[in-house]
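Listed here are the chains, written in short residue letters.
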Amino acid sequence: MPKKTKTTASADLFRFVANDPIVTANLTATEIAAVETWQDSDDYSFEFHEGHTSGDGRPIYIRPASLAESRDGNIPKINAVDANKGTYKTVANIINGGKLSSLDNLAQADLMGVIINSYDSLTILARRYWKNEDLPQVAQVRATMSCGSCGAKISGDVYLDPPNPFGKYKCPKCKKFTLK
Ligand SMILES: [Zn+2]
């Protein structure tokens, strides 16, 4: 599976949408399906960039359109680690969040909806990016399988997370490892 194209000299900008190349390079199909809120606004981008940070805080930068050409390194960011879940409630909680005042209320609400509702997904994304982690190997199932719990039938080309040690797959419907 091809890995993200991480450049050293420049920044990787992305939109938090299901088909963005940074998103698809760092989240599995199952993880993408589990995302609660996607970005809708065009008024800002998310960004990873190297520089004054080692990446230990797993920073995800937020670049409002008004700073598109700015070389200011201190752009707004969240540190997307599990321990910070619940920290970011309004743009004021975002580091350098004052620079997001150029966003209108709709765009700010869009951004906070992503950060609050999809925080778990963002932490996975940031971890994979900063640790240069490969995506877990994804199984492609062609045979018909059925779920021992909810009875869902899966057939054809379906991408699933790798099976558990007992050879059972996670059911996309009920999320239990009871698909065989
Ligand atoms: Zn099921």
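On a predicted model such as this, the values are computed, not experimentally measured, just so you know.

Helix and strand content of the protein chain: 4 helices and 8 strands. Ordered by position in the sequence, the α and β elements of the protein chain form the string β-α-α-β-β-β-α-α-β-β-β-β. Principal-axis analysis of the C-alpha atoms gives the protein chain an extent of 55 × 35 × 30 Å. For the protein chain, buried positions account for 28% of its 180 residues. Sequence separation of 24 or more characterises 47% of the internal contacts of the protein chain that already satisfy a separation of 6 or more.

Locating Ile116 in the fold gives a position in helix 3 (residues 105–117). A sequence separation of 16 residues divides Ile116 from Leu100, and the C-alpha atoms of the two residues are 16 Å apart.

Glancing now at the sheet that holds strand 1 (residues 12–14). With antiparallel pairing, the 4 strands of this open sheet are ordered in space as 1-2-3-4. Of all the strands in the sheet, just strand 1 and strand 4 (77–79) have a single pairing partner and so form its edges. Strand after strand, the sheet turns through a mean of 30° between neighbouring axes, direction not considered. As paired elements, strand 2 (residues 44–48) and strand 3 (residues 59–64) share 4 bridges and run antiparallel to each other. Directly across from Ser45, in strand 3, lies its bridge partner Arg63.

Moving on, we get to the pairing of strand 2. Counting buried residues in strand 2 gives 4 out of 5 residues, a clear majority hidden from the surface. Here strand 1 runs beside strand 2; their pairing, made up of 3 bridges, is antiparallel. Residue pairing across strands places Leu13 opposite Glu47, the latter belonging to strand 2.

Turning our eyes to something else, we now look at the environment of Asp20. Residue placement: Asp20 occurs in the loop between strand 1 and helix 1 (21–26). It is 21 Å that separates the C-alpha atoms of Asp20 and Leu67, two residues lying 47 residues apart in sequence. Ignoring sequence-local partners within four residues, the contact set of Asp20 consists of Phe14 and Arg15.

Our focus in this paragraph is the confidence of the model for the protein chain. In this model, the protein chain carries a mean pLDDT of 87, and residues with pLDDT of at least 70 account for 91%. Mean pLDDT values over the elements of the protein chain span from 70, in strand 5 (residues 139–141), up to 98, in helix 3. Note that pLDDT drops below 50 for residues 1–9; the model gives that stretch 10 contacts with residues more than four away or on any other chain.

Bringing unusual backbone geometry into the picture now. Of note in the backbone geometry, Asn132 takes a positive phi value of approximately 55° without being a glycine. Within the secondary structure, Asn132 is located in the loop between helix 4 (119–130) and strand 5. Exposure remark for Asn132: the 10 C-beta atoms within 10 Å place this residue in the exposed category. For Lys175, which is not glycine, the phi torsion reads 70° and is therefore positive. Residue placement: Lys175 occurs in the segment after strand 8 (158–160).

An α-helical turn contains 3.6 residues, so a residue and the one three or four places further along point in the same direction. For helix 4, spanning 12 residues, the distance from its first C-alpha to its last is 16 Å, which sits close to the expected 16 Å at 1.5 Å a residue. Most of helix 4 sits out of view: 9 of its 12 residues are buried. Two residues or fewer past helix 4, Asn132 is found with a positive phi of approximately 55°.

The rules we used
Residues numbered from 1 in each chain as written. Predicted model: local features only at pLDDT ≥ 70, side-chain atom pairs only at ≥ 80, totals over all residues. Helix = DSSP H or I, 4+ residues; strand = E, 2+ residues; numbered from the N terminus. Buried ≥ 20, exposed ≤ 12 C-beta atoms within 10 Å, placed from the backbone. Contact = placed C-beta atoms within 7 Å. Pairing = 2+ DSSP bridges. Axes fitted to C-alpha atoms, helices over the stretch in contact; angles between N-to-C directions. pLDDT = per-residue confidence, 0-100. Expected span 1.5 Å × (residues − 1).

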